[in-house]
Amino acid sequence: MLRPLPYGANYLGWQETPELRQALDNKVLFRYSAPAPSNADLLEAHAAERLGAARALAVPNGTQALRVALMGTRPRVGEPVYIPAVTFVAVAGAVLSCGLIPVPVDVDERFGLDASLLPEGAERVIVAHMEGLVADLPEHVPYVIEDTAQAMGGRHEDGRCAGSVGYAGTFSFHHAKILTSGEGGLVVVRDPADWDVLRSYTDHGSAREQGKYPAFEPGAFYGENLCANEAVTAVQLQQFRLLDEILESLERHYALTLETVAARPGIEVSPKRAGDVKTSVRLLLDSRELRDGALDRLAEQGLPCWSLDKYLLPDHPVVAGRASLYADGFPWNLADGDDRFRALSRDGFTATRERLGRTLCIPLAPELDVENQTLMAKQVASVLAAL
Ligand SMILES: *Cc1c(COP(=O)(O)O)cnc(C)c1O
(Lines give C-alpha, C1' and ligand atoms only; values in the text may rest on other atoms or scores of the structure.)
Protein backbone atom coordinates (compact mmCIF):
# COMPACT_ATOMS: atom_id res chain seq x y z
CA MET A 1 0.00 0.00 0.00
CA LEU A 2 1.63 3.18 -1.22
CA ARG A 3 -0.57 5.75 0.43
CA PRO A 4 -1.86 4.93 3.91
CA LEU A 5 -2.49 8.60 4.78
CA PRO A 6 -3.85 11.55 2.81
CA TYR A 7 -1.82 14.69 1.95
CA GLY A 8 -0.80 16.82 4.96
CA ALA A 9 -1.40 14.02 7.49
CA ASN A 10 1.88 12.45 6.32
CA TYR A 11 3.74 15.56 7.46
CA LEU A 12 2.42 15.65 11.04
CA GLY A 13 5.24 15.30 13.53
CA TRP A 14 7.25 16.99 16.23
CA GLN A 15 9.60 18.70 13.81
CA GLU A 16 8.67 22.33 13.23
CA THR A 17 6.00 22.45 15.93
CA PRO A 18 7.58 24.73 18.56
CA GLU A 19 4.23 26.49 19.10
CA LEU A 20 2.58 23.26 20.27
CA ARG A 21 5.30 22.58 22.84
CA GLN A 22 5.15 26.22 23.92
CA ALA A 23 1.37 26.12 24.37
CA LEU A 24 1.66 23.03 26.57
CA ASP A 25 4.55 24.55 28.53
CA ASN A 26 2.41 27.67 29.08
CA LYS A 27 -0.47 25.41 30.20
CA VAL A 28 -2.92 27.66 28.37
CA LEU A 29 -4.82 26.24 25.41
CA PHE A 30 -7.65 28.82 25.29
CA ARG A 31 -6.79 31.45 22.69
CA TYR A 32 -8.13 34.44 24.58
CA SER A 33 -6.15 33.53 27.72
CA ALA A 34 -2.87 32.83 25.93
CA PRO A 35 -0.02 35.34 25.95
CA ALA A 36 -0.28 37.65 22.91
CA PRO A 37 0.20 36.91 20.14
CA SER A 38 -1.69 33.64 20.60
CA ASN A 39 -1.10 30.73 18.24
CA ALA A 40 -4.52 31.48 16.78
CA ASP A 41 -3.39 35.08 16.10
CA LEU A 42 -0.18 33.84 14.44
CA LEU A 43 -2.08 31.32 12.35
CA GLU A 44 -4.62 33.91 11.24
CA ALA A 45 -1.92 36.42 10.24
CA HIS A 46 0.04 33.77 8.34
CA ALA A 47 -3.03 32.36 6.60
CA ALA A 48 -4.34 35.78 5.56
CA GLU A 49 -1.00 36.65 4.01
CA ARG A 50 -0.47 33.31 2.28
CA LEU A 51 -4.05 33.16 1.00
CA GLY A 52 -4.20 36.77 -0.18
CA ALA A 53 -7.02 37.85 2.16
CA ALA A 54 -7.43 40.90 4.40
CA ARG A 55 -8.14 38.81 7.52
CA ALA A 56 -8.53 35.16 8.52
CA LEU A 57 -10.47 33.65 11.41
CA ALA A 58 -9.76 30.21 12.89
CA VAL A 59 -12.87 28.13 13.69
CA PRO A 60 -13.41 24.48 14.76
CA ASN A 61 -13.96 22.99 11.27
CA GLY A 62 -14.83 23.70 7.65
CA THR A 63 -18.57 23.24 8.18
CA GLN A 64 -18.58 25.87 10.92
CA ALA A 65 -16.50 28.09 8.64
CA LEU A 66 -19.34 27.97 6.10
CA ARG A 67 -21.94 28.60 8.79
CA VAL A 68 -20.10 31.57 10.23
CA ALA A 69 -19.55 33.05 6.76
CA LEU A 70 -23.28 32.67 6.01
CA MET A 71 -24.33 34.28 9.30
CA GLY A 72 -22.04 37.21 8.46
CA THR A 73 -24.25 37.97 5.44
CA ARG A 74 -27.10 38.76 7.89
CA PRO A 75 -29.69 36.67 6.05
CA ARG A 76 -33.44 36.47 6.63
CA VAL A 77 -34.62 33.07 7.78
CA GLY A 78 -35.79 30.82 4.92
CA GLU A 79 -33.88 32.60 2.16
CA PRO A 80 -32.35 30.49 -0.63
CA VAL A 81 -28.62 29.84 -0.83
CA TYR A 82 -27.48 28.53 -4.21
CA ILE A 83 -24.97 25.70 -3.87
CA PRO A 84 -23.26 23.41 -6.40
CA ALA A 85 -25.14 20.20 -7.19
CA VAL A 86 -21.81 18.38 -6.87
CA THR A 87 -20.20 18.88 -3.50
CA PHE A 88 -19.82 17.43 -0.01
CA VAL A 89 -23.10 17.34 1.95
CA ALA A 90 -21.58 19.61 4.63
CA VAL A 91 -22.38 22.55 2.34
CA ALA A 92 -26.13 21.77 2.46
CA GLY A 93 -25.97 21.10 6.21
CA ALA A 94 -24.25 24.41 6.92
CA VAL A 95 -26.93 26.29 4.95
CA LEU A 96 -29.80 24.47 6.69
CA SER A 97 -28.33 24.97 10.15
CA CYS A 98 -28.50 28.73 9.53
CA GLY A 99 -32.26 28.41 8.85
CA LEU A 100 -31.65 28.87 5.11
CA ILE A 101 -32.62 26.66 2.16
CA PRO A 102 -29.95 25.09 -0.06
CA VAL A 103 -30.85 25.18 -3.75
CA PRO A 104 -28.64 22.85 -5.82
CA VAL A 105 -27.43 24.36 -9.09
CA ASP A 106 -26.11 22.14 -11.88
CA VAL A 107 -22.40 22.17 -12.70
CA ASP A 108 -20.15 22.57 -15.72
CA GLU A 109 -17.83 19.90 -17.15
CA ARG A 110 -15.25 20.63 -14.43
CA PHE A 111 -17.99 20.06 -11.80
CA GLY A 112 -17.98 23.74 -10.79
CA LEU A 113 -21.29 25.61 -10.25
CA ASP A 114 -22.73 26.77 -13.58
CA ALA A 115 -23.40 30.46 -12.94
CA SER A 116 -25.50 30.78 -16.10
CA LEU A 117 -28.28 28.85 -14.30
CA LEU A 118 -28.56 31.32 -11.40
CA PRO A 119 -31.73 33.41 -11.25
CA GLU A 120 -31.61 37.16 -11.65
CA GLY A 121 -30.97 38.80 -8.27
CA ALA A 122 -29.39 35.78 -6.54
CA GLU A 123 -27.92 37.11 -3.31
CA ARG A 124 -26.06 34.20 -1.74
CA VAL A 125 -24.05 31.64 -3.66
CA ILE A 126 -21.58 29.06 -2.37
CA VAL A 127 -19.08 27.94 -4.99
CA ALA A 128 -17.05 24.84 -4.08
CA HIS A 129 -13.58 24.26 -5.50
CA MET A 130 -13.90 20.48 -5.61
CA GLU A 131 -10.94 18.15 -5.65
CA GLY A 132 -8.43 20.93 -6.28
CA LEU A 133 -10.24 22.37 -9.31
CA VAL A 134 -10.72 26.10 -8.88
CA ALA A 135 -14.22 26.93 -10.12
CA ASP A 136 -15.26 30.11 -11.93
CA LEU A 137 -17.19 32.57 -9.77
CA PRO A 138 -20.54 34.16 -10.66
CA GLU A 139 -20.55 37.91 -11.25
CA HIS A 140 -22.88 40.50 -9.73
CA VAL A 141 -23.75 38.40 -6.69
CA PRO A 142 -23.36 40.33 -3.41
CA TYR A 143 -22.32 37.30 -1.33
CA VAL A 144 -20.18 34.66 -3.00
CA ILE A 145 -18.65 32.21 -0.52
CA GLU A 146 -15.78 30.16 -1.91
CA ASP A 147 -15.70 26.74 -0.25
CA THR A 148 -12.00 26.02 -0.58
CA ALA A 149 -11.93 22.95 1.71
CA GLN A 150 -10.49 20.84 -1.13
CA ALA A 151 -8.34 23.45 -2.86
CA MET A 152 -6.10 25.16 -0.30
CA GLY A 153 -3.35 26.97 -2.24
CA GLY A 154 -5.20 26.94 -5.56
CA ARG A 155 -5.43 30.02 -7.77
CA HIS A 156 -8.00 31.59 -10.05
CA GLU A 157 -6.98 32.17 -13.67
CA ASP A 158 -6.10 35.79 -12.87
CA GLY A 159 -3.61 34.57 -10.24
CA ARG A 160 -5.65 35.47 -7.15
CA CYS A 161 -5.83 32.82 -4.44
CA ALA A 162 -8.88 30.56 -4.31
CA GLY A 163 -10.97 31.76 -1.38
CA SER A 164 -9.78 35.37 -1.53
CA VAL A 165 -12.02 36.69 -4.31
CA GLY A 166 -15.58 36.27 -3.02
CA TYR A 167 -17.09 37.93 0.05
CA ALA A 168 -15.56 35.07 2.08
CA GLY A 169 -13.51 31.92 1.57
CA THR A 170 -13.72 28.86 3.81
CA PHE A 171 -11.13 26.15 4.43
CA SER A 172 -10.97 22.83 6.28
CA PHE A 173 -8.15 21.06 8.13
CA HIS A 174 -10.05 17.77 8.35
CA HIS A 175 -7.91 14.61 8.24
CA ALA A 176 -8.54 14.10 4.51
CA LYS A 177 -7.61 17.61 3.34
CA ILE A 178 -4.43 19.08 1.89
CA LEU A 179 -3.37 20.45 5.29
CA THR A 180 -4.72 18.87 8.45
CA SER A 181 -5.04 19.24 12.20
CA GLY A 182 -7.56 16.40 12.46
CA GLU A 183 -10.38 18.92 12.64
CA GLY A 184 -10.09 22.60 11.94
CA GLY A 185 -11.43 25.40 9.82
CA LEU A 186 -10.69 28.87 8.61
CA VAL A 187 -12.73 31.73 7.15
CA VAL A 188 -10.99 34.46 5.17
CA VAL A 189 -12.56 37.79 4.22
CA ARG A 190 -11.70 40.75 2.03
CA ASP A 191 -13.23 43.36 4.33
CA PRO A 192 -11.79 43.71 7.87
CA ALA A 193 -15.20 44.95 9.10
CA ASP A 194 -16.65 41.53 8.20
CA TRP A 195 -13.94 39.89 10.28
CA ASP A 196 -15.06 41.85 13.36
CA VAL A 197 -18.64 40.61 12.92
CA LEU A 198 -17.58 37.00 12.35
CA ARG A 199 -15.15 36.99 15.28
CA SER A 200 -17.80 38.37 17.58
CA TYR A 201 -20.31 35.72 16.46
CA THR A 202 -17.78 32.98 17.28
CA ASP A 203 -17.27 34.49 20.76
CA HIS A 204 -20.84 34.78 22.12
CA GLY A 205 -21.45 38.10 20.36
CA SER A 206 -18.82 39.81 22.47
CA ALA A 207 -16.29 42.52 21.90
CA ARG A 208 -13.32 40.96 23.64
CA GLU A 209 -9.86 42.12 24.51
CA GLN A 210 -7.14 39.47 24.70
CA GLY A 211 -6.78 38.15 28.24
CA LYS A 212 -10.10 39.60 29.45
CA TYR A 213 -13.63 38.37 30.18
CA PRO A 214 -15.84 38.99 27.11
CA ALA A 215 -17.33 42.49 27.00
CA PHE A 216 -20.89 43.02 25.76
CA GLU A 217 -21.80 46.33 24.19
CA PRO A 218 -25.36 47.65 23.90
CA GLY A 219 -26.90 46.17 20.75
CA ALA A 220 -24.71 43.04 20.92
CA PHE A 221 -26.14 40.20 18.83
CA TYR A 222 -26.25 36.63 20.12
CA GLY A 223 -23.42 34.34 19.13
CA GLU A 224 -21.97 30.91 19.75
CA ASN A 225 -18.68 29.52 20.95
CA LEU A 226 -16.77 28.55 17.80
CA CYS A 227 -13.32 29.45 19.00
CA ALA A 228 -10.21 27.58 17.79
CA ASN A 229 -7.76 26.40 20.43
CA GLU A 230 -4.02 26.89 20.85
CA ALA A 231 -2.97 23.26 20.33
CA VAL A 232 -4.89 22.92 17.09
CA THR A 233 -3.73 26.25 15.65
CA ALA A 234 -0.13 25.29 16.55
CA VAL A 235 -0.47 22.19 14.36
CA GLN A 236 -2.05 24.30 11.62
CA LEU A 237 0.96 26.65 11.71
CA GLN A 238 3.28 23.67 11.22
CA GLN A 239 1.15 22.47 8.31
CA PHE A 240 0.98 25.92 6.68
CA ARG A 241 4.76 26.13 6.62
CA LEU A 242 4.75 22.98 4.47
CA LEU A 243 2.02 24.09 2.07
CA ASP A 244 4.29 25.12 -0.80
CA GLU A 245 6.39 21.96 -0.48
CA ILE A 246 3.20 19.84 -0.60
CA LEU A 247 1.81 21.74 -3.61
CA GLU A 248 5.10 21.42 -5.53
CA SER A 249 5.35 17.71 -4.86
CA LEU A 250 1.75 17.25 -6.04
CA GLU A 251 2.61 19.15 -9.26
CA ARG A 252 5.56 16.82 -9.83
CA HIS A 253 3.52 13.68 -9.20
CA TYR A 254 0.80 15.00 -11.50
CA ALA A 255 3.26 15.66 -14.36
CA LEU A 256 4.90 12.25 -13.86
CA THR A 257 1.55 10.47 -13.93
CA LEU A 258 0.37 12.25 -17.09
CA GLU A 259 3.65 11.29 -18.83
CA THR A 260 3.34 7.68 -17.76
CA VAL A 261 -0.36 7.00 -18.28
CA ALA A 262 -0.40 6.60 -22.05
CA ALA A 263 -3.45 7.67 -23.99
CA ARG A 264 -5.64 4.64 -24.60
CA PRO A 265 -8.94 4.49 -26.43
CA GLY A 266 -11.73 4.73 -23.91
CA ILE A 267 -9.79 6.71 -21.32
CA GLU A 268 -9.39 10.46 -21.48
CA VAL A 269 -7.58 12.70 -19.00
CA SER A 270 -9.70 15.64 -17.77
CA PRO A 271 -7.05 18.35 -17.82
CA LYS A 272 -6.40 20.53 -14.78
CA ARG A 273 -5.52 24.21 -15.14
CA ALA A 274 -2.26 25.76 -13.94
CA GLY A 275 -3.95 27.19 -10.82
CA ASP A 276 -5.74 23.98 -9.83
CA VAL A 277 -4.28 22.03 -6.93
CA LYS A 278 -3.04 18.70 -8.24
CA THR A 279 -4.63 16.56 -5.52
CA SER A 280 -5.47 13.92 -8.12
CA VAL A 281 -5.46 12.93 -11.74
CA ARG A 282 -9.03 12.90 -13.02
CA LEU A 283 -9.94 10.49 -15.80
CA LEU A 284 -13.06 10.27 -17.93
CA LEU A 285 -13.80 6.75 -19.16
CA ASP A 286 -16.04 5.69 -22.03
CA SER A 287 -18.63 3.95 -19.88
CA ARG A 288 -19.62 3.44 -16.28
CA GLU A 289 -18.77 -0.28 -16.64
CA LEU A 290 -15.21 0.53 -17.70
CA ARG A 291 -14.94 3.07 -14.84
CA ASP A 292 -16.23 0.60 -12.24
CA GLY A 293 -13.84 -2.04 -13.58
CA ALA A 294 -10.94 0.39 -13.25
CA LEU A 295 -11.91 1.20 -9.64
CA ASP A 296 -11.98 -2.53 -8.81
CA ARG A 297 -8.63 -3.30 -10.50
CA LEU A 298 -6.87 -0.32 -8.88
CA ALA A 299 -8.22 -1.22 -5.45
CA GLU A 300 -7.12 -4.86 -5.92
CA GLN A 301 -3.58 -3.59 -6.52
CA GLY A 302 -3.73 -1.49 -3.34
CA LEU A 303 -3.69 1.69 -5.43
CA PRO A 304 -5.66 4.69 -4.19
CA CYS A 305 -8.63 5.73 -6.32
CA TRP A 306 -12.13 7.07 -5.90
CA SER A 307 -15.17 8.29 -7.77
CA LEU A 308 -17.10 11.52 -7.25
CA ASP A 309 -20.54 9.83 -7.37
CA LYS A 310 -21.06 10.46 -3.64
CA TYR A 311 -21.10 14.21 -4.23
CA LEU A 312 -24.27 14.42 -6.34
CA LEU A 313 -26.47 16.28 -3.84
CA PRO A 314 -29.86 16.03 -5.60
CA ASP A 315 -29.54 12.24 -5.10
CA HIS A 316 -28.23 12.56 -1.53
CA PRO A 317 -30.59 11.34 1.23
CA VAL A 318 -30.12 14.56 3.22
CA VAL A 319 -31.16 16.76 0.31
CA ALA A 320 -33.66 14.45 -1.40
CA GLY A 321 -35.37 13.39 1.86
CA ARG A 322 -35.72 16.88 3.35
CA ALA A 323 -35.75 15.53 6.91
CA SER A 324 -34.92 17.59 9.98
CA LEU A 325 -34.63 17.03 13.73
CA TYR A 326 -37.05 19.91 14.31
CA ALA A 327 -40.56 18.60 15.00
CA ASP A 328 -42.00 21.00 12.42
CA GLY A 329 -39.35 20.13 9.81
CA PHE A 330 -37.54 23.48 10.02
CA PRO A 331 -36.15 24.90 7.83
CA TRP A 332 -37.28 22.61 4.99
CA ASN A 333 -40.91 23.38 5.98
CA LEU A 334 -40.32 26.95 4.80
CA ALA A 335 -39.61 25.68 1.28
CA ASP A 336 -42.68 23.45 0.92
CA GLY A 337 -44.38 23.90 -2.43
CA ASP A 338 -42.39 27.02 -3.27
CA ASP A 339 -40.85 27.05 -6.76
CA ARG A 340 -38.09 29.43 -5.67
CA PHE A 341 -36.41 26.48 -3.99
CA ARG A 342 -36.50 24.02 -6.86
CA ALA A 343 -33.07 22.67 -7.92
CA LEU A 344 -31.71 24.38 -11.04
CA SER A 345 -30.71 22.19 -13.96
CA ARG A 346 -31.38 22.11 -17.70
CA ASP A 347 -31.96 18.36 -17.83
CA GLY A 348 -32.69 17.13 -14.31
CA PHE A 349 -28.95 16.54 -13.73
CA THR A 350 -28.91 13.76 -16.35
CA ALA A 351 -25.69 14.84 -18.08
CA THR A 352 -23.94 15.50 -14.75
CA ARG A 353 -25.02 12.13 -13.32
CA GLU A 354 -23.77 10.40 -16.46
CA ARG A 355 -20.43 12.24 -16.46
CA LEU A 356 -19.90 11.52 -12.75
CA GLY A 357 -20.52 7.83 -13.46
CA ARG A 358 -17.64 7.78 -15.94
CA THR A 359 -15.23 9.79 -13.77
CA LEU A 360 -12.35 8.22 -11.89
CA CYS A 361 -9.87 10.03 -9.66
CA ILE A 362 -6.41 8.90 -8.72
CA PRO A 363 -5.27 10.83 -5.67
CA LEU A 364 -1.61 11.84 -5.71
CA ALA A 365 0.93 11.48 -2.95
CA PRO A 366 3.07 14.52 -2.05
CA GLU A 367 4.94 12.58 0.64
CA LEU A 368 6.56 10.21 -1.89
CA ASP A 369 9.94 10.93 -3.44
CA VAL A 370 10.38 11.00 -7.24
CA GLU A 371 11.28 7.33 -7.35
CA ASN A 372 8.15 6.20 -5.55
CA GLN A 373 5.90 8.67 -7.36
CA THR A 374 7.25 7.20 -10.62
CA LEU A 375 6.63 3.68 -9.35
CA MET A 376 3.05 4.53 -8.42
CA ALA A 377 2.47 6.18 -11.83
CA LYS A 378 3.75 3.02 -13.57
CA GLN A 379 1.51 0.76 -11.49
CA VAL A 380 -1.52 2.93 -12.31
CA ALA A 381 -0.57 2.97 -16.01
CA SER A 382 -0.28 -0.79 -16.18
CA VAL A 383 -3.67 -1.34 -14.53
CA LEU A 384 -5.31 1.09 -16.98
CA ALA A 385 -3.51 -0.41 -19.99
CA ALA A 386 -4.81 -3.88 -19.08
CA LEU A 387 -8.48 -2.86 -18.77
C1 LIG B 1 -14.46 18.66 3.94
C2 LIG B 1 -15.37 19.59 3.30
C3 LIG B 1 -16.20 20.45 4.04
C4 LIG B 1 -16.35 20.36 5.54
O5 LIG B 1 -15.17 20.53 6.26
P6 LIG B 1 -15.08 19.89 7.73
O7 LIG B 1 -13.81 20.48 8.26
O8 LIG B 1 -15.00 18.41 7.56
O9 LIG B 1 -16.26 20.32 8.50
C10 LIG B 1 -16.99 21.35 3.36
N11 LIG B 1 -16.97 21.42 2.02
C12 LIG B 1 -16.20 20.60 1.27
C13 LIG B 1 -16.22 20.74 -0.20
C14 LIG B 1 -15.40 19.65 1.89
O15 LIG B 1 -14.67 18.83 1.13
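Heads up: the structure comes first, above all this text.
Summarised in this report is the structure supplied together with it.

About the criteria used
Residues numbered from 1 in each chain as written. Predicted model: local features only at pLDDT ≥ 70, side-chain atom pairs only at ≥ 80, totals over all residues. Heavy atoms only, no water. Helix = DSSP H or I, 4+ residues; strand = E, 2+ residues; numbered from the N terminus. Expected span 1.5 Å × (residues − 1). Buried < 20%, exposed > 50% of the residue type's maximum accessible area, 1.4 Å probe, protein only. Arc of directions from axis to C-beta. Contact = heavy atoms within 4.5 Å. Salt bridge = Lys/Arg side-chain N within 4 Å of Asp/Glu carboxyl O. Patch = residues over 30% accessible without salt bridge, like charges linked within 9 Å, V, L, I, M, F, W, Y side chains within 5 Å. Areas by Shrake-Rupley, 256 points an atom, 1.4 Å probe, with all protein chains shown as cover. Polar contact = N/O pair within 3.5 Å; in protein donor to acceptor, adjacent residues only side chain to side chain. Pairing = 2+ DSSP bridges.

## Side note on helix α2 (residues 39–50)
An ideal rise of 1.5 Å per residue puts 16 Å on 12 residues; α2 measures up with 16 Å between its terminal C-alpha atoms. Buried within α2 we find N39, A40, L43, E44, A47, A48 and R50. The buried residues of α2 occupy an angular sector of 165° when projected down its axis, which confines them to one face. For α2, the elements touching its buried residues are α1 (18–26), β1 (55–59), β7 (185–189), α5 (192–201), α6 (230–241) and α7 (243–260). G52 occupies a position one or two residues after α2 and carries a positive phi of about 65°.

## Structural notes on the environment of A365
By the element assignment, A365 lies in the loop between β10 (359–363) and α11 (370–385). Residues A365 and C305 lie 60 residues apart in sequence; the distance between their C-alpha atoms is 12 Å.

## A word on the side chain of H156
Note that H156 resides in the loop between β5 (143–147) and β6 (168–172). The exposure class assigned to H156 is buried, which follows from its relative accessible area of 11%. Contacts of H156, omitting those with residues within four sequence positions, involve H129, V134, A135, L137, E146, C161, A162, G163 and V165.

## Remarks on the pattern of salt bridges
For the structure on display, the rule yields 25 salt bridges. Linking R110 and D276 is a salt bridge whose minimum nitrogen-to-oxygen distance equals 3.1 Å. Here R110, found in the loop between β3 (101–105) and β4 (124–128), pairs with D276, found in the loop between β8 (267–269) and β9 (280–285); they are 166 residues apart in sequence, far enough to count as distant. Assigned by exposure class, R110 and D276 land together as buried.

## Points about a nonpolar patch on the surface
A surface patch of nonpolar side chains, amounting to about 320 Å² of accessible area, comprises W14, L24 and L29. Within the element layout of this structure, L24 appears in helix α1.

## Here's the deal with the side chain of N61
Mapped onto the elements of the fold, N61 is located in the loop between β1 and α3 (62–71). A polar contact of 3.0 Å, which involves the side chain of N61, links it to the backbone nitrogen of T63. For N61, the side chain forms a polar contact with the main-chain nitrogen of Q64, separated by 2.8 Å. Sequence-distant contacts of N61, defined by excluding residues within four places in its chain, comprise E183, G184 and G185.

## What about the pairing of β10?
The buried fraction of β10 amounts to 5 of the 5 residues, a majority that puts the element mostly inside the structure. Side chains of β10 alternate between two faces, with T359, C361 and P363 and L360 and I362 buried alike. Across 5 bridges, β9 lies against β10 in antiparallel orientation. Across the sheet, residue S280 finds its bridge partner in β10, namely P363.

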